[in-house]
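Structural characterization, general
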Number of protein chains: 2
Amino acid sequence: MKPEGRKQEIIQAAAILFKEKGYSAVTMRDLAKAMGIKAASLYNHIQSKQEILSTIIIDLAEEFTYGMGQIVSSDEGAIRKLENIISLHIDVTLRNADGLASLNNDWMHLEEENLLYFEKMRQDYEENFRNIVTKGTVAGEVKPYNIEIMVFSTLSTLRTLYLWYPKQNNIDAAILKKDMISVLLKGVI
Amino acid sequence: MKPEGRKQEIIQAAAILFKEKGYSAVTMRDLAKAMGIKAASLYNHIQSKQEILSTIIIDLAEEFTYGMGQIVSSDEGAIRKLENIISLHIDVTLRNADGLASLNNDWMHLEEENLLYFEKMRQDYEENFRNIVTKGTVAGEVKPYNIEIMVFSTLSTLRTLYLWYPKQNNIDAAILKKDMISVLLKGVI
DNA sequence: GTCTATAGTATGATAGAC
DNA sequence: GTCTATCATACTATAGAC
């Protein structure tokens, strides 16, 4: 197998360890042991521990940025856009739940360039989310509650999906989407 | 000032640093610098870095355990109990937002005894939450959606309040409670 | 592509002076 | 109650053999 394949294996193993203990608490020896090799050998495939973290986080952040771009530029209504955001988070979570732990909890350990790039993407994402909700309230599609609270409460649930989903026993993606849309948008009472 | 007062100052300073970088990434030298003393001096007030973490987390976990006990043993209906849980989380968040970061993200760095104690409290808390929602659906007070999704979506928002609340400009606690109850229970559309 | 050996630095914590 | 000095250990990363 080509070196790139091995690199991806290392990144995947690292994502699992980072999810369990956090970036700072995982040593290159831990990661090497998980791969069945010695720590020094890792450096034939990756440049640094930092490179592993930034690959995990930036790839995911770009995925969300792309997905949000598609949703924003569509000509759907606010509610349909919110449903599509929920669907986006569920899709990404099913594909890479481990990596999302780093995106949520270890982004602050990114270094200068990537840290700024990440923070910009996250800020833009939240801004787009807020705009959709605001337009929804103006159009009368969304209840006139406090915008910040609506954005925060929805987004915090979507961002934490990665912790919850793996504990469910192979819940079907389509059913999950349907139920999550009901609970997040229509409430529980 | 008595030694206990100084100890509390250290724990408070540590909570802020743990919130910013996580337990593992904060060194005793970082903490000492924040306190304006040398690392060795910290050990006249605390026994270990681990003691700081367990104090922060266990105190908060016991606070939630006590609050949930009060709510469960009351004879209110399911909806009123859910409102009281939301109120409990907001009260604790306003009082100790920094410590909640450790409770949420660094509990896995607790050592044997305290780790088991914490995990037991968290499991019991979730179980109580689930029972309230389940009884609510049976009584027809709560919509018959997937229980796990309703519990998860509400709890994930409440657990993440510590990240969001400090960014709001002195939002009034009473208004926050009212709006949060509306959004979490009645939905946004 | 993996290994052993090791450089250079950082860590949590202790001993003992003031 | 804080300091300086230090211990023992652990960390990321590199050099060079196989």
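No experiment lies behind these values; they were computed from the predicted model shown.

**A look at the protein's contact with DNA strand C**
Taken together, 16 residues lie around DNA strand C, and Lys38(A), Asn44(A), Thr27(B), Met28(B) and Tyr43(B) are the ones closest in. Each atom of DNA strand C within 4 Å of the protein was assigned to sugar, phosphate or base; sugar and phosphate come to 58%. Contacts to DNA strand C include Met28(B), whose backbone N or O atom sits 2.8 Å from a phosphate oxygen. Contact between DNA strand C and Tyr43(B): a phosphate oxygen at 2.7 Å from a side-chain N or O atom of the residue. Breaking the surface near DNA strand C down by element, the ones donating at least two residues are α3 (39–42) of chain A together with α2 (28–35) of chain B. When its residues are assigned to classes, the surface near DNA strand C shows seven nonpolar, five polar and four charged.

**Focus: the environment of Gly69(B)**
In this structure, Gly69(B) sits in helix α4 (residues 49–72). Sequence-wise, Gly69(B) and Lys167(B) are 98 residues apart; in three dimensions their C-alpha atoms are separated by 30 Å.

**Description of helix α10 (residues 173–186) of chain B**
Residue and element names in this part refer to chain B. With 14 residues, α10 ought to run about 20 Å at 1.5 Å a step, and its terminal C-alpha atoms sit 19 Å apart, in line with that. Residues of α10 that are buried: Leu-176, Asp-179, Met-180, Ile-181, Ser-182, Val-183, Leu-184 and Leu-185. Between a side-chain oxygen at the N-terminus of α10 and the backbone nitrogen of Ala-174 the separation is 3.1 Å; the capping residue is Asp-172. In the stretch just after α10, Gly-187 is the one whose phi turns positive, near 80°.

**Some details on the interface of chain A and chain B**
Contact residues are listed per partner, giving 36 residues for chain A and 36 residues for chain B. Taken together, both faces of the contact between chain A and chain B bury some 3400 Å²; the carbon and sulfur share is 68%. Contact with chain B buries surface across chain A, with Phe152(A), Val188(A) and Ile189(A) losing the most and accounting together for 22% of the total. Counting across the chain A and chain B interface gives zero salt bridges. Where chain A touches chain B, the interface holds 15 residue pairs in polar contact (both at pLDDT 80 or more). Taken together, the elements giving at least two residues each to the side of chain A that touches chain B come down to α1 (3–21), α5 (78–105), α7 (147–164) and α8 (173–186) of chain A. In terms of residues, the side of chain A that touches chain B owes the most to one element, α7(A), which gives 10 residues.

Cut-offs used in this document
Residues numbered from 1 in each chain as written. Chains lettered and ligands numbered in written order. Predicted model: local features only at pLDDT ≥ 70, side-chain atom pairs only at ≥ 80, totals over all residues. Heavy atoms only, no water. Near = heavy atom within 4 Å. Polar contact = N/O pair within 3.5 Å; in protein donor to acceptor, adjacent residues only side chain to side chain. Helix = DSSP H or I, 4+ residues; strand = E, 2+ residues; numbered from the N terminus. Nonpolar A, V, L, I, M, F, W, Y, C, P; charged D, E, K, R; others polar. Expected span 1.5 Å × (residues − 1). Buried < 20%, exposed > 50% of the residue type's maximum accessible area, 1.4 Å probe, protein only. Contact = heavy atoms within 4.5 Å. Buried area = accessible area lost by both parts, 1.4 Å probe. Salt bridge = Lys/Arg side-chain N within 4 Å of Asp/Glu carboxyl O.

These figures come from the coordinates and say nothing about function on their own.
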